[in-house]
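# Commentary on secondary and tertiary structure
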Amino acid sequence: MSHPTPLLRFLDRALDRISALCLGVSAVSLVLLISTFGWLVFGRYVLNSTPTWVEQLALLLICYIAFLGAAAGVKEDTHIGVTLFRDMLPVSSQKVAIIAIDIILALFGAIMLIAGITLMKFGWSSKLPMLNIPESFRTLAITSCGALILLFAGTRALMRILTFRAWSLTDDYKEH
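Notes on the structure follow. Here the structure is a predicted model, which means the values were calculated and not measured.

This part covers unusual backbone geometry. Trans peptide bonds make up the majority, and among non-glycine residues the majority have a negative phi. Of note in the backbone geometry, Asp77 takes a positive phi value of approximately 60 degrees without being a glycine. Position of Asp77 among the secondary structure elements: in the loop between helix H2 (54-76) and helix H3 (84-87). Positive phi, normally seen in glycine, also occurs at Asn132, with a value near 55 degrees. Relative to the assigned elements, Asn132 resides in the loop between helix H4 (91-123) and helix H5 (136-162).

Now the structure itself:
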């Protein structure tokens, strides 16, 4: 989306960097996941000593890979969407529908954030087996995802509202 003001351009670039960071953490987590499973196979079949912590670490890493990747997908607008009915509307109604979708996504992110904080508080006193870290590290992925979805979708809705007249639907398609 092209932005008419320097502040909105700066904000969009900052959100792009946050999204890239999410993808970077997801990518590093995926490499770590593959490496630990390589160690699991090596330990089991070569050393005849299975490392028991790999399964719990894998579950933790998968949470971060999935949730941070999903949040970046919201920013990049790469999730699957059915646009048949929206595309049949007049352009101004399409723009209103897109803003409404962004607001609904932001509300969903807020609910994830609030529920994630509740889960983190609940799980802080229990430990993940074999890793001996608080269970809340697993739910931190959910909480982070909710906060990021709220940030990405909410900011995009706000930007689209502020630039409603100048915003063109073709700008959205040029970026992808």
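With that settled, the discussion passes to H2. Taking 1.5 Å of rise per residue, 23 residues should cover 33 Å, and H2 covers 32 Å from first to last C-alpha, within 8% of that figure. Positive backbone phi, at 60 degrees, marks Asp77, one or two positions downstream of H2.

With respect to the helices and strands, Thr163 occurs in the loop between H5 and helix H6 (169-174). Within the structure, the side chain of Thr163 is placed 2.7 Å from the backbone oxygen of Met159, a separation counted as a polar contact.

With that settled, the discussion passes to the packing of helix H1 (residues 6-45) against H5. With their axes 11 Å apart at the nearest point, H1 and H5 run at an angle of 155 degrees to one another. The orientation of H1 with respect to H5, classified from their angle, is roughly antiparallel. Where H1 crosses over H5, the handedness of that crossing is left-handed. Between H1, through Leu8, Leu11, Asp12, Leu15, Ile18, Ser19 and Cys22, and H5, the contact on the second element is made entirely by Leu148, Leu151, Phe152, Thr155, Met159 and Leu162. Of the residues belonging to the contact of H1 with H5, the class tally is ten nonpolar, two polar and one charged.

One side chain can pair with another of opposite charge once the charged atoms of both are near each other. Under the defined criterion, the tally for this structure stands at six salt bridges. Here Arg156 ties to Asp102 by a salt bridge, and the two come within 3.1 Å at their closest N and O atoms. Of the two residues, Arg156 sits in helix H5 while Asp102 sits in helix H4, which places them 54 residues apart along the sequence. Like Asp102, Arg156 is buried.

So, how was this worked out
Residues numbered from 1 in each chain as written. Predicted model: local features only at pLDDT ≥ 70, side-chain atom pairs only at ≥ 80, totals over all residues. Heavy atoms only, no water. Helix = DSSP H or I, 4+ residues; strand = E, 2+ residues; numbered from the N terminus. Expected span 1.5 Å × (residues − 1). Polar contact = N/O pair within 3.5 Å; in protein donor to acceptor, adjacent residues only side chain to side chain. Axes fitted to C-alpha atoms, helices over the stretch in contact; angles between N-to-C directions. Parallel < 35°, antiparallel > 145°, perpendicular 65-115°, else oblique. Left-handed = near helix turned anticlockwise from the far one by under 90°. Contact = heavy atoms within 4.5 Å. Nonpolar A, V, L, I, M, F, W, Y, C, P; charged D, E, K, R; others polar. Salt bridge = Lys/Arg side-chain N within 4 Å of Asp/Glu carboxyl O. Buried < 20%, exposed > 50% of the residue type's maximum accessible area, 1.4 Å probe, protein only.

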